[in-house]
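# An overview of the molecular structure
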Amino acid sequence: MTSTGIGAEAGAQAARTRALAVLRIRGRALAVALLPAAATVILLTGGSTGHFVGRSWDTARWIVGAVAVLVLLAAAGVALVVARARPAVSPTVAITEESAPDLYRMVRDLADRLDVPAPSAIALTPDCDSWLEDRTHPAHGPPAPKGGDELGTPGSHRRTPAAPVLVIGSPFLWWMRVGELRAVLAPVVAGTGPSAHPDIAAARRFVRGLDAAVAVSAAPARCPATRLVCAGVAWVARLLLRGCREHAALMERGVAAAAAERAQAVDYGLRIVAQEQVGLAYAGWDRLLTRVALPAWRMGRWPSRLDAGVVAALTELSRRDRLAEGFASRLGERPACDLLEEPGVVDEAASLLAARLFHGGPAEPGPAWSPVAWQEYPDEVVDRTWRTEAARLHRVLDALGVRATLAPGAPDPGGPTLARVLDHLTDPTAPGRRRRLPAYDDDPRTPGYDPRTPGYDDEADGEPTGTERSAALAAGLTAALAREEHEGAHASTADTARPGCPAAAGQAAGQGGGPGSPLWDDGALPLFPLQPPRTARELLADHVKAMVCCAAVDTAGATPGLDWLDGPALLVDGERAADLTPRVLSLIEEGDPAPLRAWLVESGIRPEKPVRLV
């Protein structure tokens, strides 16, 4: 036997040992539940044979018998909840074999080379990770969607355990080449071998059932009696989980070690290169979501080709960064997305799910939640974002009573101007710097008010954070945005509650489980927020920059653009204006408009001219 085979066998044996330890804990729990019943049997047997006679023994038989009945009923209830509770399922996009025959063929060939069972199905997740997921619980089967269940099988009821589902990160399919994807998936697919062992499968089902029972017990109850029962079930489940925790973790570690050892013989050299692409894809995906997708989501638009955008972002990175020079040459090889029959449709589904998970957007497109193509992004997202924020800035200035011009007797400019913002924030002497500046209106009745929300005072204590005027303007912007989000959340809830509105969470991932049975808590969205709420300082800077960009577009012929690594960009004479942020910060933090005014003159932007707002 080779060293690889010995290592794989050792890892599998360690995993089986730990699985047996988990099952022994289950057996001990069952023995404890049966102990009062066994004592009752002994007492009854002793009484019938004439050994345990007398009033005291009769009393003991009644007491122990009653305790046994109560313990058995409680144990049956806990066992029923553990067995019937639906384990958590990762939200994914199902990939049927008809939509990706080449991908299924590659995975099956890989499983044959590794001598392990092939995964029962393939699904995509909008993240840079891959794993195996057990979906054999009955709650994950019927009723199935049209054309078969998520596993791509025609039957809706599974009587025999199926192999785990292979979940692949969708960015991998677009950035990686076919050989690289196969090398990355080799240790993942190899995990189906240890997973097929009956002891490991039983231990995993037990642990997942306990975890699901805790989640079910934590759900809001309607009456005190139900809450009391749920608290008891949760206590027992947590007690068993604490006993299983170490053994379950070591079992999974052994399974991973066995899978890694088994995969050593398959594309080992290529896997080293492919791991570099995993890190690069993760960096590009994170940058694309936070810098490019998030502004669109905030505007009620969702980019429908996020995975294709990863390729553009990483190609741009390879152009800028000399450390990534060799990656661009890979683009001539066959991408892994060619293994899909309709990559555009899959990319759109994954992009909608990404918006659902990372931003909490609606489950389906609508008038207020429509897709946007990359070629439309500058006009539909960047320009609209600037003008929306500029309009909000001027509404707050109106509320603060700021005049359109500070010059006495000057004519009305006829519309909102950048000069109004500059004049208001300019502080020639800058005598006062605020040590603490509010994030929201001081009135707690303001919708969205939360004293815990980080605001304009999030910098180090004792450091100046801005002038009095910038503080007041930032607080007004924060309160205005909170009101808009509060109103938008109520409108979204009302739309979802309308008759005929589809179930949000279940349809977002396109998974089985039946209508009205979401796979995750819909109230917990977004599951993975990308960024904390913007502070008041950041909010004010963004709005001032938006006003500057609107003035540049309307008075100097600048254009909105898209930078794949940094998101929305202002293009002046075809070049990105990258030095705008520090000049804006100088205005709002120090009240000094000189750097920004010098840049405006250099770029030919006229702040006294009115701009078009939404």
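Residues numbered from 1 in each chain as written. Predicted model: local features only at pLDDT ≥ 70, side-chain atom pairs only at ≥ 80, totals over all residues. Heavy atoms only, no water.

## Quick look at the overall build of the protein chain
A tally of helices and strands in the protein chain yields 18 helices and 9 strands. Look at the contacts in the protein chain between residues 6 or more apart in sequence, and 79% of them connect residues 24 or more apart. Total accessible area computed for the protein chain in this model is approximately 29900 Å², and 57% of it derives from carbon and sulfur atoms. (Helix = DSSP H or I, 4+ residues; strand = E, 2+ residues; numbered from the N terminus. Contact = heavy atoms within 4.5 Å. Areas by Shrake-Rupley, 256 points an atom, 1.4 Å probe, with all protein chains shown as cover.)

## Topic: the pattern of salt bridges
Enumeration according to the criterion identifies 26 salt bridges in this entry. The salt bridge partner of Asp-383 is Arg-387, with a shortest N-O separation of 3.0 Å. Here Asp-383 and its partner Arg-387 are both found in helix α12 (residues 377–399), 4 residues apart, which amounts to about one turn of the helix. Of the charged contacts in the structure, one is a salt bridge between Asp-566 and Arg-576, with a shortest N-O distance of 3.0 Å. Here the residue Asp-566 occupies a position in the loop between β7 (559–563) and β8 (567–572), and Arg-576 occupies one in strand β9 (residues 575–576), the gap between them amounting to 10 residues. Take Arg-576: its relative accessible area is 37%, and that puts it in the partly exposed class. In the salt-bridge network here, residues are joined through shared partners; they are Arg-287, Arg-291, Asp-563, Asp-566 and Arg-576. (Salt bridge = Lys/Arg side-chain N within 4 Å of Asp/Glu carboxyl O. Buried < 20%, exposed > 50% of the residue type's maximum accessible area, 1.4 Å probe, protein only.)

## What to know about the pairing of β8
Note: β7 against β8, 5 bridges, orientation antiparallel. Counted as the bridge partner of Asp-563 is Gly-567 from β8. Taking the residues that link successive antiparallel strands as the turn, the β7-β8 hairpin has 3 residues. In the sheet, β8 pairs with β9 via 2 bridges, with the strands oriented antiparallel. Its bridge partner being in β9, Val-572 is matched across the sheet by Glu-575. (Pairing = 2+ DSSP bridges.)

## Comments concerning the packing of helix α17 (residues 581–590) against helix α18 (residues 594–603)
α18 packs onto α17 with a crossing angle of 140° between their chain directions and a minimal axis gap of 7 Å. Regarding the angle of α17 to α18, the classification is oblique. Residue-level contacts link Arg-583, Ser-586 and Leu-587 of α17 to Pro-595, Leu-596 and Trp-599 of α18. The residue makeup of the contact of α17 with α18, split by class, is 4 nonpolar, 1 polar and 1 charged. (Axes fitted to C-alpha atoms, helices over the stretch in contact; angles between N-to-C directions. Parallel < 35°, antiparallel > 145°, perpendicular 65-115°, else oblique. Nonpolar A, V, L, I, M, F, W, Y, C, P; charged D, E, K, R; others polar.)

## Comments concerning the packing of α12 against helix α16 (residues 536–556)
At a minimum axis separation of 8 Å, α12 and α16 run at an interaxial angle of 115°. The hand of the α12/α16 crossing is left-handed. When α12 is examined against α16, the residues Asp-383, Trp-386, Arg-387, Glu-389, Ala-390, Arg-392, Leu-393 and His-394 are found in contact with a partner set consisting of Asp-542, His-543, Val-544, Ala-546, Met-547, Cys-549, Cys-550, Val-553 and Asp-554. Along the lines of polarity and charge, the residues of the contact of α12 with α16 split into 9 nonpolar, 2 polar and 6 charged. (Left-handed = near helix turned anticlockwise from the far one by under 90°.)

## Digging into the sheet that holds β8
Spatially, β7-β8-β9 is the arrangement adopted by the 3 strands of the open sheet, whose pairing is antiparallel. Looking at strand neighbours, the two that pair on one side only are β7 and β9, the edges of this open sheet. In this fold helix α9 (residues 268–298) packs onto β7 and β8, with an angle of close to 90° to the strand it touches most, β8.

## Re the packing of aromatic side chains
Applying the stated criterion to the full structure yields 3 aromatic pairs. Ring centres of Trp-374 and Tyr-377 lie 5.9 Å apart, and the angle between their planes is 45°; on these two criteria the pair is classed as tilted. Residue classification places Trp-374 among the buried residues on the basis of a relative accessible area of 14%. In textbook terms, an aromatic cluster arises when at least three aromatic residues are bridged by ring pairs, as seen for Trp-374, Tyr-377 and Trp-564. (Phe/Tyr/Trp six-rings, centres within 6.5 Å; stacked < 30°, edge-to-face > 60°.)

## Structural notes on the sheet that holds strand β1 (residues 93–95)
Either a parallel or an antiparallel arrangement is found when strands of a sheet pair, and the pairing is made through backbone hydrogen bonds. Judged by pairing direction, the sheet is mixed, and its 4 strands sit side by side in the order β1-β2-β4-β3 without closing on themselves. Among the strands making up the open sheet, the edge pair consists of β1 and β3 (130–133). Adjacent strand axes in the sheet meet at a mean angle of 30° when their direction is disregarded. Sheet topology note: the β1/strand β2 (residues 121–125) ladder contains 3 bridges and is antiparallel. Bridging from a neighbouring strand, Ile-95 pairs with Ile-122 of β2.

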